[in-house]
Amino acid sequence: MQITDLQISQVNDRIKALVKAGSFYGKKLEEAGITGISTAEDFEKLPFSEKNDLREAYPLGLMTAPEEEIVRIHSSSGTTGLPVIIPYTAKDVDDWAIMFARCYEMAGITNTDRIQVTPGYGLWTAGIGFQNGAEKLGAMVIPMGPGNTDKQLQMMMDMKSTVICSTSSYALLLAEEIEKRGIKDQIHLKKGVIGSERWGETMRQRISNELGIELYDIYGLTEIYGPGIGINCKYNTGMHYWDDYLYIEIIDPVTLKPVPDGEMGEIVITTLVKEGAPLIRYRTHDLSRIIPGECPCGSKHPRLDTIMGRTDDMMKIKGVNVFPSQIEEILHQFEECSSEYQIRISHLDGKDTMRIYVETNGSVDFADLAKRIAERVKSKIGFTPLVKVVELGLLPRSEKKTKRVIEERYD
Ligand code: ZN
């Protein structure tokens, strides 16, 4: 998506605020001698920002609005080192609620729905984001927070909750408990709004079937408001995101150059109107692509595909960037394949080679299936792998996460 003139002028306003506040990004701009931009090319010359920059600004170095305008902070849980603290102005909090309310509307949720919120409340953005958006919509919130499944199910029945907000794993747990307790006829859920952790189609089907509800994927990250910056519509053709608040680029994580719409790469986000802690060209390390064309729902808001993983998972084969999820998606299209596969990357005769081992679940011509899979990979991703089809049960399985990609290049 090319940046528009309006978005360019919004970026210029943010640049002024960042320079004035003397934040890390303001300093980066000053060092680069940048005081503003006037074209899309100028925009692409702006430096990126990274999570590490944000950590180094701990505790309040990101604060870009005057202290008296800051009404709240949130924090992303750092697994290592310092957390990131994001200050919000009253307008930021309100903008976030507006975006989140739009997400609910996109999912067909209205002010007569009763929304049970199970993500956590506290320093992080999850629970309170779901709540503020629901209140903005005018729906009734049942603010449960996480855990205590007995109480969750009791309230779900007594309050006749129609919407469940949760992670995919908690939704699955609730679905299984409802089944086990035989209380499905007392559950009134119609829709689920599920946080954007990566989850497979199989899990999605299970939750959807067992609870008998429609599922919607919500996207967001604490650094950029929180959850609620995008969601899929009922046509399920990717997540519409709010381009009046955010400008999203997809870049090649190696060359750092923007890729054309439709191509896979790293999501980079610029906040257009955020005051407390604006971010310009923030590298999320999430992998996805912009879906070209128009959605059947008629919404003009552009679409991001499902998050396909993290840039850290990326493999480079014969100069092509490949992600395990792309291979998985292709294998998923072959009904003859089981869900098990293994990818081995090696260096053969001075060339990168990808070998894909797949299990078949029926009696098929192994060589023919291998050939068709290799051709599909070539046409979708751009290189030909060596494919070996094996019998069901031959690939290793483990209780924990099965290691599916094995790197055998040691040079
Ligand atoms: Zn749509």
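Structure: above.
Because the structure is predicted, anything quoted here is derived from the model rather than measured. (Residues numbered from 1 in each chain as written. Predicted model: local features only at pLDDT ≥ 70, side-chain atom pairs only at ≥ 80, totals over all residues. Heavy atoms only, no water.)

A count of helices and strands for the protein chain gives 11 helices and 20 strands. Scaling as 2.2 N^0.38, a compact globule of 411 residues should have a C-alpha radius of gyration of about 22 Å, and the protein chain matches this with 23 Å. By its C-alpha atoms, the protein chain is 70 × 60 × 45 Å across when sized along the principal axes. The buried share of the protein chain, reckoned over its 411 residues, is 53%. For the protein chain, contacts bridging at least 24 residues in sequence account for 64% of all contacts bridging at least 6. Approximately 19,200 Å² of the protein chain is accessible, and the part contributed by carbon and sulfur atoms is 51%. Positive and negative side-chain charges in the protein chain, numbering 49 and 60 respectively, have mean positions lying 2 Å apart. (Helix = DSSP H or I, 4+ residues; strand = E, 2+ residues; numbered from the N terminus. Rg over C-alpha atoms; globule rule 2.2 N^0.38 Å. Buried < 20%, exposed > 50% of the residue type's maximum accessible area, 1.4 Å probe, protein only. Contact = heavy atoms within 4.5 Å. Areas by Shrake-Rupley, 256 points an atom, 1.4 Å probe, with all protein chains shown as cover. Lys, Arg positive; Asp, Glu negative; His and termini not counted. Charge placed at Lys NZ, Arg CZ, Asp CG, Glu CD.)

What follows covers the sheet that holds strand 18 (residues 351–360). Taken in spatial order, the four strands of this open sheet run 19-18-17-20, and their pairing is mixed. Of all the strands in the sheet, just strand 19 (386–390) and strand 20 (405–407) have a single pairing partner and so form its edges. Going across the sheet, the axis of each strand differs from the next one's by a mean of 15°, ignoring polarity. Its contacts with the sheet put helix 10 (residues 324–332) on strand 17 (337–348), strand 18 and strand 20, and the angle it makes with strand 17 is roughly 135°. Against the sheet, helix 11 (residues 366–381) makes contact with strand 17, strand 18 and strand 19, and its axis sits at roughly 140° relative to strand 19, the strand it touches most. (Pairing = 2+ DSSP bridges. Axes fitted to C-alpha atoms, helices over the stretch in contact; angles between N-to-C directions.)

Ordered in space as 4-3-5-6-7-8-9-14-13, the nine strands form an open sheet in which the pairing is mixed. In this open sheet, the two edge strands, each paired with only one partner strand, are strand 4 (140–143) and strand 13 (290–291). Relative to strand 9 (residues 239–241), strand 8 (residues 226–232) is paired through three bridges, and the arrangement is antiparallel. Paired with Gly-230 across the strands is Tyr-241, a residue of strand 9. Strands strand 3 (114–117), strand 5 (163–166), strand 6 (191–194), strand 7 (214–221), strand 8 and strand 9 of the sheet are contacted by helix 5 (residues 90–106), whose axis makes an angle of about 30° with strand 8. Here helix 9 (residues 201–211) sits on the sheet and contacts strand 7 and strand 8; the angle it forms with strand 7, its principal contact strand, is near 130°.

Over its 12 residues, helix 6 (residues 126–137) runs 17 Å from end to end, which matches the ideal 16 Å to within 8%, given 1.5 Å per residue. For helix 6, the tally of buried residues reaches nine of 12 residues, placing the bulk of the element in the interior. Just beyond helix 6, the residue with positive phi is Gly-138, at close to 95°. (Expected span 1.5 Å × (residues − 1).)

Before going further, it helps to spend a moment on the coordination of the zinc ion. In a perfect tetrahedron of four donors around a metal, the angles come out at 109.5 degrees. In a perfect octahedron of six, they are 90 or 180 degrees. Looking at the metal site, the zinc ion is ligated by Cys-233 (SG), His-240 (NE2), Cys-295 (SG) and Cys-297 (SG), spaced 2.1 to 2.3 Å from it. Taken together, the four donor atoms coordinating the zinc ion and their angles of 103 to 115° define a geometry best described as tetrahedral. One chain supplies every donor for the zinc ion, spaced along it as C-x6-H-x54-C-x1-C. (Donors = N, O, S within 2.8 Å, 3.2 Å for Na, K, Ca; no water. Tetrahedral: all angles 85-135°; square planar, octahedral: opposite > 155°, others 65-115°.)

So, about the pattern of salt bridges. When the charged atoms of two side chains lie near each other, side chains of opposite charge can form a pair. Evaluated as defined, the whole model comprises 22 salt bridges. In this structure, Lys-51 and Glu-223 form a salt bridge, with 2.9 Å as the shortest nitrogen-oxygen distance. A residue pair is termed long-range when its members are at least 10 positions apart, and Lys-51 in helix 4 (residues 51–56) and Glu-223 in the loop between strand 7 and strand 8 qualify at 172 residues. Overall, Glu-223 belongs to the buried group, its relative accessible area being 3%. Residue Glu-294 is joined to Lys-300 by a salt bridge in which the shortest nitrogen-to-oxygen separation is 3.2 Å. Both residues of the pair, Glu-294 and Lys-300, count as exposed. A network of salt bridges, in which partner residues are shared, links Asp-150, Glu-177, Lys-180 and Arg-181. (Salt bridge = Lys/Arg side-chain N within 4 Å of Asp/Glu carboxyl O.)

Below, the discussion takes up the packing of aromatic side chains. The final tally for this structure, using the stated rule, is five aromatic pairs. Measuring from ring centre to ring centre gives 5.3 Å for Phe-43 and Tyr-247, while their planes differ by 85°; the resulting arrangement is edge-to-face. Of this pair, Phe-43 sits in helix 3 (residues 40–44) while Tyr-247 is found in strand 10 (residues 246–251), placing the two residues 204 residues apart along the sequence. A residue is classified by how much of its surface remains accessible, and Tyr-247, at 7% relative accessible area, is buried. Relative to Tyr-104, the ring of Phe-100 has its centre 5.1 Å away and its plane inclined at 35°; by these criteria the two rings are tilted. Here Phe-100 and its partner Tyr-104 are both found in helix 5, four residues apart, which amounts to about one turn of the helix. Each member of the pair Phe-100 and Tyr-104 is classed as buried. Every member of this aromatic cluster is reached through a ring pair, and the members are Phe-100, Tyr-104 and Phe-130. Taking the ring centre of Tyr-88 as reference, the NZ or CZ of Lys-274 above it sits at 5.0 Å. Over the face of the ring belonging to Phe-48 we find Arg-283, whose NZ or CZ atom lies 6.0 Å from the ring centre. (Phe/Tyr/Trp six-rings, centres within 6.5 Å; stacked < 30°, edge-to-face > 60°. Lys NZ or Arg CZ within 6 Å of the ring centre and 35° of its normal.)

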